[in-house]
Structures are given as C-alpha cells and as structure tokens.
Amino acid sequence: MISIKKLNLGQFPTPMYRLDNMSRTLGRSIYIKRDDMTGVSTGGNKVRKLEYLLYDAKEKGADVVLTAGGAQSNHAMLTAACCNRIGLKSILVLKKRGVQGRVGNLLLNELLGADVRFVDSDSYDDVYAEMDRIADELKKQGHTPYLVPVGGSVPLGTLGYVDCAKEIFSEALELGIRIDRIISTAGSGGTLAGLLLGAMLYGDGCKVTGIAVCDDPFEEITAELVNGAAALMGEKAHIEPKDVDILRYYGAGYAQPSREGLEAITLMAHEEGLILDPVYTGKAFAGLMHLIKTNAIKPDETVLFLHSGGTASLFAVDPKDVK
Ligand SMILES: *Cc1c(COP(=O)(O)O)cnc(C)c1O
C-alpha cells in the first residue's frame, strides 16, 4: 500500500479495453490502457507523477514550480496545466532546438499562460544550470521555487506509475483476464520503473518491456528509480540493471519521427480510430509490432499497451524530419 500523499488532479481509473481489430491484424490479444485520457489538458502520463510531485511542492510551501524539457515537451506542458489547477505559477525551461512556433505543446503552453524560457543548447547540463539560476533569482526575490527534473522521473514521481500498475491489475481482474506483459515507452524512465515495480508487487509474474525513445542507459536509470521508489514505499523489492527489459526502437534519434513509428500511428488510426504520437507512443507501438514479428512476444501472450499520451506533438511534426 502506498501511504505517501498525493493531490487529486487527474481522472482515474483511465479506461482499459481490448483492441479487437488490432488483435486480429497482429495475431495477439492486445489491450490498451488509456493514459492519454488522464483528464488534464490533452492528457498523458505526467499527470500521475505530478500528483505526487506537486503535493510535495505544496507541502514545502512552494509558490512557483520550475521544470525542464525539449521544445515540445509534453511533461512541461502538463506541469503548467496541473499548476494552473492548484494556483501555482510555472516556469518552463525548454531546449530551443526542435519544432518552434505556435504549434503543438508550445501553443498549449501559451494558452495555459506558462512562463517559457528557451535555452540555446542541446545539453541538459546547460538547461539545468539555467533552471538553477532562475531558481536562485526567485529565492532572492522572496519566492519559494520547487524544481521538477525532466519528465518528473524521480522516485517520488515514479509512484504515480506504481498506482497505474495497481489500477491495471484490478481492471484485468474485473475484465476476467490475465495480462502477461505490459509494453510502455521509456523517455526518462519513471513510467517504466513505476510499472515494473507495480508488476513486481501486484502483477503475479507479469513482464514489463520498455521501448526506448533515445539511447540513454535505461537499464541503469530504471533500476535506480525502481529501487528508489521501493525504498520510499518501505518495500524490500530490489532489482539490478540486467533485470530491465528494453528494446531500442527509436529510429534516427529522440523526437525525430521514424518511418516505422509513423506506420504504427497510421495503422492504429485506421484499425481502432485511436491517435498515437510521433515521439513516444507511435515508436512504442512500432516496437511492440517488431516484438510480435520476431516472436519475442509469444502467440499465447496477452499484451497491454500503455498509451502514455503526447497527442499535441502530432501537430508539430515537421515532415522533413522523418527518417
Ligand atoms: C514523457 C512521456 C513518455 C515517457 O515517460 P517517462 O516516464 O519519461 O519515461 C511517454 N509518452 C509520453 C507521451 C510522454 O510525454
């Protein structure tokens, strides 16, 4: 049981159901967990993490929340949206590289009234340095800033996906099914880590596979978050990097749409009337299809695909970036 407190910002449980057409087409029983429907702004996985992180921010008396990300960061946009719900100011420190202009999440940030600051660098060291600098300035002015790292992927934020795993297994029970494997994207690792820890605690042998969207060392990152979150919960669960199952299937690089990813987006739209995104879920579903094609996912496995959101970034795809 998680006894650590959180805010109530999203709409939970999110729906979970079988993708009948896709299951027929791919020859496996495939379910989907609709965390693109978490109920704040255009939805997405960061809401579950922010329920814990922003509770902590409130507890610590913060009056302004800072976070960082890429130009089209879903996490930054959802931080601004969740902060609006609880009356906190937000400052988003974003990388300048990426799709600019009033498109995708940048349009939503503007609409949400977020204070956006761009950093002209490709290095997160520079982005974090700027976030620290702004925080120091705010403190000097008498404010209490609260800093959320990229993706909210710290042990506290990870608890949001332990909750999601619990939700998944209780919905599976209601549906009278057994989930053999959960497939989720890994971007900063917290979502995968929470699902993995949740599967260890409540999943009765359910496997978890992460589809990486960049070449970060996700085995180490995820193991560290799993162990950190377990420690917060007072659970003895402990894993090593080798226990983390990762498929790297991101094409040319982070946020660069891949052909396979765009094909998966089109297939999902045609078969199920469902919209995936080019940065995370399209590539993750392409990875799932690859695992089926190579028989890494066995014919008798029931698979659950986590739809982690990202819809807005679909409106910020630059066709010349497709590789
Ligand atoms: C952030 C994000 C992810 C990745 O989640 P992490 O916890 O950062 O690994 C996946 N999908 C979408 C839509 C996201 O915005």
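Since the model is a prediction, treat every value here as computed from it, not as a measurement.

What counts, and at which threshold
- Residues numbered from 1 in each chain as written.
- Predicted model: local features only at pLDDT ≥ 70, side-chain atom pairs only at ≥ 80, totals over all residues.
- Heavy atoms only, no water.
- Helix = DSSP H or I, 4+ residues; strand = E, 2+ residues; numbered from the N terminus.
- Buried < 20%, exposed > 50% of the residue type's maximum accessible area, 1.4 Å probe, protein only.
- Contact = heavy atoms within 4.5 Å.
- Axes fitted to C-alpha atoms, helices over the stretch in contact; angles between N-to-C directions.
- Parallel < 35°, antiparallel > 145°, perpendicular 65-115°, else oblique.
- Left-handed = near helix turned anticlockwise from the far one by under 90°.
- Nonpolar A, V, L, I, M, F, W, Y, C, P; charged D, E, K, R; others polar.
- Core = buried A, V, L, I, M, F, W, Y, C linked by side-chain atoms within 4.5 Å.
- Near = heavy atom within 4 Å.
- Polar contact = N/O pair within 3.5 Å; in protein donor to acceptor, adjacent residues only side chain to side chain.
- Areas by Shrake-Rupley, 256 points an atom, 1.4 Å probe, with all protein chains shown as cover.

What to know about the side chain of Thr 38
Logical step 1: Note on placement: Thr 38 falls in the loop between β2 (29–34) and α2 (46–59).
Logical step 2: Here Thr 38 falls in the buried class, since its relative accessible area comes to 0%.
Logical step 3: Setting aside its immediate chain neighbours within four residues, Thr 38 contacts Gly 10, Gln 11, Phe 12, Thr 14, Gly 43, Gly 44 and Val 47.

So, the environment of Val 279
Logical step 1: Tracing the backbone through its elements, the reader meets Val 279 in the loop between α9 (259–272) and α10 (281–293).
Logical step 2: For Val 279, the contacting residues outside a window of four places in its chain are Val 213, Tyr 254, Ala 255 and Ser 313.

Here's the deal with the packing of helix α3 (residues 74–86) against helix α4 (residues 104–112)
Logical step 1: At a minimum axis separation of 9 Å, α3 and α4 run at an interaxial angle of 20°. In terms of orientation, α3 lies roughly parallel with respect to α4. α4 is crossed by α3, and the crossing has left-handed handedness. Facing Asn 74, Met 77, Ala 80, Ala 81 and Asn 84 of α3, the residues of α4 in contact are Asn 105, Leu 108, Asn 109 and Leu 112.
Logical step 2: Classifying every residue of the contact of α3 with α4 gives five nonpolar, four polar and no charged.

Section: the nonpolar core
Logical step 1: Of all hydrophobic cores here, the largest spans 58 residues; its most connected members are Leu 54, Val 65, Tyr 146, Ile 168, Ile 179, Ile 182 and Leu 195.
Logical step 2: The greatest single-element share of this core, amounting to nine residues, is contributed by helix α6 (residues 155–175).
Logical step 3: Aside from chain neighbours lying at most four places away, what touches Leu 54 is Leu 7, Leu 9, Val 65, Cys 82, Cys 83 and Ile 86.

Describing the site of the ligand
Logical step 1: With respect to spatial proximity, 16 residues lie near the ligand, and among them Lys 46, Lys 49, Ser 188, Thr 191 and Ser 308 are the closest.
Logical step 2: Interatomic distance of 2.5 Å between a side-chain N/O atom of Ser 188 and an oxygen atom of the ligand.
Logical step 3: Between the ligand and Gly 190, the relevant distance is 3.4 Å, taken from an oxygen atom to a main-chain nitrogen or oxygen of the residue.
Logical step 4: Look at the ligand: alone it shows 370 Å² of surface, and the protein chains cover 98% of it.
Logical step 5: Contributing elements (two or more residues each) for the shell around the ligand: α2, β7 (181–186) and α7 (190–202).

Fair warning: the whole summary comes from geometry, so function is off the table for now.
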